[in-house]
Amino acid sequence: AEAKNTNADMVYHGTKLACAEMIKGGTTTFCDMYYFEDRAAKATKEAGMRAVLGETVLDFPSPDSADPAGGIKYAETFIKDWKGDDLITPAVAPHAPYTVGPQSLKAAKDLADKEGVPYIIHLSETQSEVDQIKEKHGKTPTEYLNSLGILGENVVAAHCVWLTENEKDLLVNSGTGIAHNPESNMKLASGVAPITDLMDKGGYVGLGTDGAASNNDLDMFGEMDTTAKLHKIDSMDCTAMPAQRVVEMATIGGAQALHME
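The rules we used
- Residues numbered from 1 in each chain as written.
- Predicted model: local features only at pLDDT ≥ 70, side-chain atom pairs only at ≥ 80, totals over all residues.
- Heavy atoms only, no water.
- Axes fitted to C-alpha atoms, helices over the stretch in contact; angles between N-to-C directions.
- Helix = DSSP H or I, 4+ residues; strand = E, 2+ residues; numbered from the N terminus.
- Parallel < 35°, antiparallel > 145°, perpendicular 65-115°, else oblique.
- Contact = heavy atoms within 4.5 Å.
- Nonpolar A, V, L, I, M, F, W, Y, C, P; charged D, E, K, R; others polar.
- Polar contact = N/O pair within 3.5 Å; in protein donor to acceptor, adjacent residues only side chain to side chain.
- Buried < 20%, exposed > 50% of the residue type's maximum accessible area, 1.4 Å probe, protein only.
- Pairing = 2+ DSSP bridges.
- Right-handed = clockwise from strand over helix to strand, strands pointing away.
- Salt bridge = Lys/Arg side-chain N within 4 Å of Asp/Glu carboxyl O.
- Core = buried A, V, L, I, M, F, W, Y, C linked by side-chain atoms within 4.5 Å.

**Considerations on the packing of helix α3 (residues 37-47) against helix α4 (residues 68-82)**
Phase 1: Where α3 meets α4, the axes come as close as 10 Å, and the angle between the chain directions of the two elements is 25 degrees. Here α3 lies roughly parallel to α4, going by the angle between them. On the side of α3, the interface is formed by Glu37, Asp38, Ala41, Lys42 and Lys45, while α4 contributes Tyr74, Phe78 and Trp82.
Phase 2: Partitioning the contact of α3 with α4 into residue classes produces 4 nonpolar, no polar and 4 charged.

Structure below.
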């Protein structure tokens, strides 16, 4: 469906529907990475919501860019058009370490640092991603990004399911924000992220839904309920992930992960 139908109008109307669903559930602020983010920004602004919106960069043709250089250029224009808006925080969003090469990853970081905007990326979502990066670069995904100088206080890393102890420390010590999307990780059989460990270490962890295609809905109350139960059964500890911590992740934790506290 994406390959055949993704265009600016689809993104605009899809964002409007997403905003309506999020508003019904009490969500005021969200983070997104996709194509045609200028249209997502327009829809979000019209809905009166606040958002961090990252224009996607890939090392292969995408619906709005023919190549990574085009993606960076699109992102730069998007950032300049929306920077300083009272609701929209524009960002650059290289998709993931396995879909974006080192040159493009660094170019995107240079842009984010130069413009003072967030850098959004998927990280260690699946075991196959970890295996692929290890084989290609001799490092785990987080270690690889660290070696490129990517991690930092303007970075938001989504998923972070498959992490070593060293990777947990790298994310926490660098101030990288972490977006936990448990229902998406369950639906796609990606795994269970070690969120309790990251929070115990002082990491900035926020709760998210991921997109509807990877979840089925954008219901944060459902996500909170799932989070509490998932981490109890994963740890076989009924005291793990208590309600207060879940509410923290859905509120101030999300703001901290987006560097908007």
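**Side note on the environment of Asn185**
Phase 1: The topology assignment puts Asn185 in helix α9 (residues 182-187).
Phase 2: Spatially, the C-alpha atom of Asn185 lies 25 Å from that of His137, the residues being 48 residues apart in sequence.
Phase 3: The contact partners of Asn185, leaving out residues within four places of it in the chain, are His159, Val161, His180, Ser190 and Gly191.
Phase 4: In terms of polar contacts, Asn185 uses its side chain to reach the side chain of His159, at 3.1 Å.

**What to know about the pairing of strand β5 (residues 155-159)**
Phase 1: The element β5 is extensively covered by neighbouring structure, given that 5 of its 5 residues are classed as buried.
Phase 2: Where β5 and strand β6 (residues 177-180) come together, 3 bridges link them in parallel fashion. Note on β6: the bridge partner recorded for Ala157 is Ile178.
Phase 3: Since β5 and β6 lie parallel, the crossover through helix α8 (residues 165-174) that links them has a hand, and here it is right-handed.

**Side note on the pattern of salt bridges**
Phase 1: Within the structure shown, the criterion is met by 15 salt bridges.
Phase 2: With a closest N to O distance of 2.6 Å, Asp86 and Lys45 form a salt bridge. Residue Asp86 is located in the loop between α4 and β3 (88-94), and its partner Lys45 is located in helix α3; the two are separated by 41 residues in the primary sequence.
Phase 3: A relative accessible area of 57% places Asp86 in the exposed class.
Phase 4: Lys45 gets classed as partly exposed once you look at its relative accessible area, which sits at 32%.
Phase 5: With its nearest N and O atoms 2.7 Å apart, the salt bridge here joins Lys168 to Asp197. Of this pair, Lys168 sits in helix α8 while Asp197 is found in helix α10 (residues 195-200), placing the two residues 29 residues apart along the sequence.
Phase 6: By relative accessible area, which is 4% here, Lys168 ends up buried.

**Side note on the side chain of Thr227**
Phase 1: Inspection of the secondary structure puts Thr227 in helix α11 (residues 220-235).
Phase 2: Overall, Thr227 belongs to the buried group, its relative accessible area being 0%.
Phase 3: Side-chain polar atoms of Thr227 contact the backbone oxygen of Glu223, separated by 2.7 Å.

**Focus: the side chain of Ser190**
Phase 1: Position of Ser190 among the secondary structure elements: in the loop between α9 and α10.
Phase 2: Residue classification places Ser190 among the buried residues on the basis of a relative accessible area of 5%.

**Examining unusual backbone geometry**
Phase 1: Even without being a glycine, Ala189 presents a positive backbone phi close to 55 degrees.
Phase 2: Within the fold, Ala189 resides in the loop between α9 and α10.
Phase 3: Under the relative-accessibility criterion, Ala189 is labelled exposed at 69%.

**Overview of the nonpolar core**
Phase 1: Val92, Leu105, Tyr119, Leu145 and Ile195 are the most contacted members of the largest nonpolar core, which has 41 residues in total.
Phase 2: Looking at which element gives the most residues to this core, the answer is helix α5 (residues 102-115), with 4 residues.
Phase 3: When near neighbours in sequence (up to four residues on either side) are disregarded, Leu105 contacts Pro94, Pro97, Val100, Tyr119, Ile121, Tyr144, Leu145, Leu148 and Ile150.
Phase 4: By size, the runner-up hydrophobic cluster in this structure holds 19 residues, among which are Phe36, Ala40, Leu53 and Leu218.

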